[in-house]
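Descriptive structure summary
Now for the letters of each chain:
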Amino acid sequence: MYFATRIRAFAGAAALLAASAIAQAQTALPNVVILATGGTIAGAGASAVNSATYSAAKVPVDKLIAGLPELSKVASIRGEQVFQIASESLTNDNLLVLAKRVSALAKQPDVDGIVITHGTDTLEETAYFLTLTVHTSKPIIVVGSMRPGTALSADGALNLFDAVNVAASKDAAGKGVLVTMNDEIHTGRDVSKTVNIKTEAFKSQWGPLGMVVEGRNYWFRAPVKRHTMQSEFDIDTINALPPVEIAYGYEGVPATAIDALAKSGIKALIHGGTGNGSVADRIVPVLQKVRGDGILVIRSSRVPDGFVIRNAEQPDDKYDWVVAHDLRPQKARILAMVALTKTSDTKELQRIFWEY
Ligand code: DAS
């Protein structure tokens, strides 16, 4: 009898110890906030075979979190539904609201990392905007998916698990805003959606920073362009974004789009040229007039990889134009909008395009 009582008492004490150890382990987990904005990662299709035909922006953030119980072993999670929008429909105002929320959360001592679930169509633009304007070294991870959670071999769950793991990782701090897709870790600056129907959809022409596999990060390089804490731009002081639009070059291009955009009140025009940012000879005088009217002209290229060489295809010094370096038109537009909140001096803008 004596020993049985002692054993029961011991077992009770052991159970209490185990429970408190688990509770301590749980409280010791990093705090990660998931900000949901919509997209396919929150999408739903009519059947499991609908991997491309579905409605985006349907599943609320709490359901996304509840559908991934594995997250509770990685971090203490809470979610906020910032928007429920397919990302092709996001606006500059949405961008400002999201970035200001990220900035406010990043300042909170009880927030260790932030994940933003987002549509894939404009994910690269949001991620770049955040890396340019949010002053924190805490991990901020933008994540999406190419298939809705209802589809066979859906990619959203693992992408989100990866994103939370990276957001909960101390070794992800100070690397700027990151994007986790398809097990890879990319910078918000370099990554672009390069395929519109595969799960391996996101590429960085200079390569990912690393990979995340089974919750562990493997880093192979670090960013060299300015971001987050190193940025001269701060979302807390930006309340509006100047209009900057894009016009593409192609065989037979008329001046129609450029003329219309120039009359619409834009502050800068991104020219998505052919090749090395080339401009059709009939368009050169049109862009010179645009510049003469006080609108900045920034030469980018429709070619996915490479970078535009200043004064090569066009005498940029002579025309007082800016080159977008290796930024695709949609990324050049983000940087131009942010830069124009501080300066419209072309020499300063060119410095900014070299540094960010
Ligand atoms: N329409 C796409 C978007 O919301 C769906 C997606 O791929 O996330 O960006």
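Whatever comes next refers back to the structure up there.
The text that follows walks through the structure, step by step, so that each part is easy to find.

1. Let's talk about the nonpolar core
- With 78 residues, the main nonpolar core has V102, V115, I116, F129, V164 and F353 as its most contacted residues.
- In contact with V102, other than residues within four places in its own chain, are L35, I114, I116, L130, V134 and I140.
- With 17 residues, the next largest nonpolar core counts L261, I266, I295 and V297 among its residues.

2. A word on the packing of helix α6 (residues 256-263) against helix α7 (residues 284-292)
- As a packed pair, α6 and α7 sit with axes 10 Å apart at the nearest point and diverge in direction by 5°. Classed by the angle they form, the pair α6 and α7 counts as roughly parallel. Residue-level contacts link I258, D259 and A262 of α6 to V286, L287 and V290 of α7.
- Each residue belonging to the contact of α6 with α7 can be placed in one class, and the counts come to five nonpolar, no polar and one charged.

3. Quick notes on the sheet that holds strand β6 (residues 184-187)
- In space, the eight strands of this open sheet follow the order β2-β1-β3-β4-β5-β6-β9-β10, with mixed pairing throughout. Each edge of the sheet is formed by a strand with only one pairing partner; in this case those strands are β2 (76-81) and β10 (216-219). Looking at each pair of strands side by side, their axes are set apart by 25° on average, direction ignored.
- For strand β4 (residues 140-143) and strand β5 (residues 178-181), the ladder comprises two bridges, and the chain directions are parallel.

4. Concerning the pattern of salt bridges
- For the coordinates displayed, the defined rule picks out 18 salt bridges.
- With its nearest N and O atoms 3.3 Å apart, the salt bridge here joins R226 to E232.
- Judged by its relative accessible area of 26%, R226 is partly exposed.
- Look at E232 and you get partly exposed, because its relative accessible area is 23%.
- We note a salt bridge from D316 to R299, for which the minimum N-O separation is 2.7 Å. Note that D316 is positioned in helix α8 (residues 316-319) and R299 in strand β13 (residues 296-301), a separation of 17 residues in sequence.
- Assessed through its relative accessible area of 0%, R299 is described here as buried.

5. Details of the packing of aromatic side chains
- Counted by the stated rule, this structure contains two aromatic pairs.
- Measuring from ring centre to ring centre gives 5.3 Å for F233 and Y356, while their planes differ by 50°; the resulting arrangement is tilted. Pair noted here: F233 is in the loop between β10 and β11 (244-248) and Y356 is in the segment after α10 (346-355), with a separation of 123 residues, a long-range link.
- The class for F233 is buried, based on a relative accessible area of 1%.
- Look at Y319 and W321: their rings are 4.7 Å apart centre to centre, the planes differ by 55°, and that puts the pair in the tilted class. No difference in accessibility class separates Y319 from W321, as the two residues are buried.

6. Notes on empty space enclosed by the protein
- Taken as a whole and assessed by the stated rule, the structure comprises two cavities of 30 Å³ or more.
- Estimated volume of the largest cavity: approximately 120 Å³.
- Forming the boundary of the largest cavity are R189, D190, S192, K203, S204, Q205, W206, P304, D326, L327, R328 and K331.
- For the lining of the largest cavity, the residue count by class is three nonpolar, three polar and six charged.
- Here the second largest cavity defines a volume of roughly 30 Å³.
- If you trace the second largest cavity, you find it lined by T136, S137, K138, P139, I140, A172, G174, K175, G176 and T228.
- Considered class by class, the residues forming the lining of the second largest cavity number three nonpolar, five polar and two charged.

7. Some remarks on the sheet that holds strand β14 (residues 322-323)
- What the four strands build is an open sheet, ordered β11-β12-β13-β14; its pairing is parallel. Either end of the sheet is taken by a strand with one partner, and the two such strands are β11 and β14.
- In terms of strand pairing, β13 meets β14 through two bridges, oriented parallel. Following the sheet pairing, R299 is matched in β14 by V323.

8. Quick look at the site of the ligand
- All residues in the neighbourhood of the ligand are listed as G39, T40, Y54, A86, S87, E88, G119, T120, D121, S145 and K193.
- Take T40: an N or O atom from its main chain is 2.8 Å from an oxygen atom of the ligand.
- Here a nitrogen atom of the ligand and a side-chain polar atom of E88 are 2.7 Å apart.
- Bound to the protein, the ligand loses 91% of the 260 Å² it would expose on its own.

The rules behind the values
- Residues numbered from 1 in each chain as written.
- Predicted model: local features only at pLDDT ≥ 70, side-chain atom pairs only at ≥ 80, totals over all residues.
- Heavy atoms only, no water.
- Core = buried A, V, L, I, M, F, W, Y, C linked by side-chain atoms within 4.5 Å.
- Buried < 20%, exposed > 50% of the residue type's maximum accessible area, 1.4 Å probe, protein only.
- Contact = heavy atoms within 4.5 Å.
- Axes fitted to C-alpha atoms, helices over the stretch in contact; angles between N-to-C directions.
- Helix = DSSP H or I, 4+ residues; strand = E, 2+ residues; numbered from the N terminus.
- Parallel < 35°, antiparallel > 145°, perpendicular 65-115°, else oblique.
- Nonpolar A, V, L, I, M, F, W, Y, C, P; charged D, E, K, R; others polar.
- Pairing = 2+ DSSP bridges.
- Salt bridge = Lys/Arg side-chain N within 4 Å of Asp/Glu carboxyl O.
- Phe/Tyr/Trp six-rings, centres within 6.5 Å; stacked < 30°, edge-to-face > 60°.
- 1 Å grid on protein atoms, 1.4 Å probe; cavity = no way out; pocket = protein on both sides within 12 Å on 5 of 7 lines; lining within 4 Å.
- Points joined across faces, edges and corners; volume = space filled by probe spheres on them.
- Near = heavy atom within 4 Å.
- Polar contact = N/O pair within 3.5 Å; in protein donor to acceptor, adjacent residues only side chain to side chain.
- Areas by Shrake-Rupley, 256 points an atom, 1.4 Å probe, with all protein chains shown as cover.

Geometric descriptors of this kind do not, in isolation, establish any biological role.
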